[in-house]
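Next come the chains, spelled out residue by residue.
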Amino acid sequence: MLLSGMTVTFLKEFGIGVWVCSPVLLTLALVITLLGQLAGSLEGWRKFDSFYWSFITATTIGYGDMRPTKAGPRIVAIVIGLLGLTFTGILIAVAVHAGSVALARHDALEMLK
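Only a predicted model underlies this, so the values are computations on that prediction, with no experimental measurement involved.

*Asks:* Would you mind going over unusual backbone geometry with me for this structure?
*Replies:* Across residues other than glycine, the phi torsion is negative in most instances, and most of the peptide bonds are trans. Here the phi dihedral of T60 falls at roughly 60°; this positive angle occurs in a residue that is not glycine. Mapping T60 onto the fold places it in the loop between helix 2 (47–58) and helix 3 (71–112).

Right under this line is the structure:
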């Protein structure tokens, strides 16, 4: 029952939604990465550490193992957090739409039975 018709429809619709939104999602990911590199260079971090920090910040996990100490990078962290919320919001909106389409299709098929 794992790959029922509703699951397949959801996955198909989700994939299409991510594909349609991919220019925006990729742009957000690129901006998050570049801002992370900017903050990291101002803080004196290695490139990978800057990349890691930017995505931990963007996903609002914030382990606390790395944090900016200067004012500029702290402002960049706020912007990264907002962009990360936008990125996550788009993915959630795509998933909700895919779920709605899958449920509507499932209900329509049930009515025909």
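Read on for the rest.
*Asks:* I keep staring at the side chain of S50 and nothing clicks. Help me out?
*Replies:* When you line up the elements, S50 lands in helix 2. You can call S50 buried: its relative accessible area is 1%. In contact with S50, other than residues within four places in its own chain, are G36, Q37, G40, S41 and W45.

*Asks:* What is the right way to read helix 2 from this model?
*Replies:* Each full turn of the α-helix corresponds to 3.6 residues, which orients residues three or four apart in the same direction. Spanning 12 residues, helix 2 covers 16 Å between terminal C-alpha atoms, matching the ideal 16 Å at 1.5 Å per step. Tucked inside the fold, the buried residues of helix 2 contact helix 1 (5–43) and helix 3. Among the residues trailing helix 2, T60 stands out with phi positive, at a value near 60°.

*Asks:* So what exactly am I meant to see when it comes to helix 1 here?
*Replies:* Along helix 1, the largest kink reaches about 60° and is centred on S22; proline P23 follows within four residues of it. Within the sequence span of helix 1, burial applies to T9, G17, S22, L25, L28, A29, I32, T33, G36, A39, G40 and E43. For helix 1, the secondary structure elements touched by its buried residues are helix 2 and helix 3. After helix 1 finishes, the residue G44 shows a positive phi value of roughly 85°.

What counts, and at which threshold
- Throughout this document, residue positions are counted from 1 along each chain, in the order its sequence is written.
- The predicted nature of this model means local features are confined to residues of pLDDT at least 70 and side-chain atom pairs, given and counted, to a pLDDT of 80 or more, with totals for whole chains, interfaces and linings taken over all residues.
- Side-chain calculation: all heavy atoms of the structure are included, whereas hydrogens and water are not.
- Each helix is a run of DSSP H or I of at least 4 residues and each strand a run of E of at least 2, with the numbering of both proceeding from the N terminus.
- Relative accessibility under 20% of the residue-type maximum defines a buried residue, over 50% an exposed one, and the middle range a partly exposed one, all with a 1.4 Å probe and only protein chains included.
- The contact criterion used throughout is that any non-hydrogen atoms of two residues lie within 4.5 Å.
- Multiply 1.5 Å by the residue count of a helix minus one, and that product is the helix's expected span.
- Values of bend correspond, residue by residue, to the angle between axes fitted over the seven residues ending at that residue and the seven starting there.

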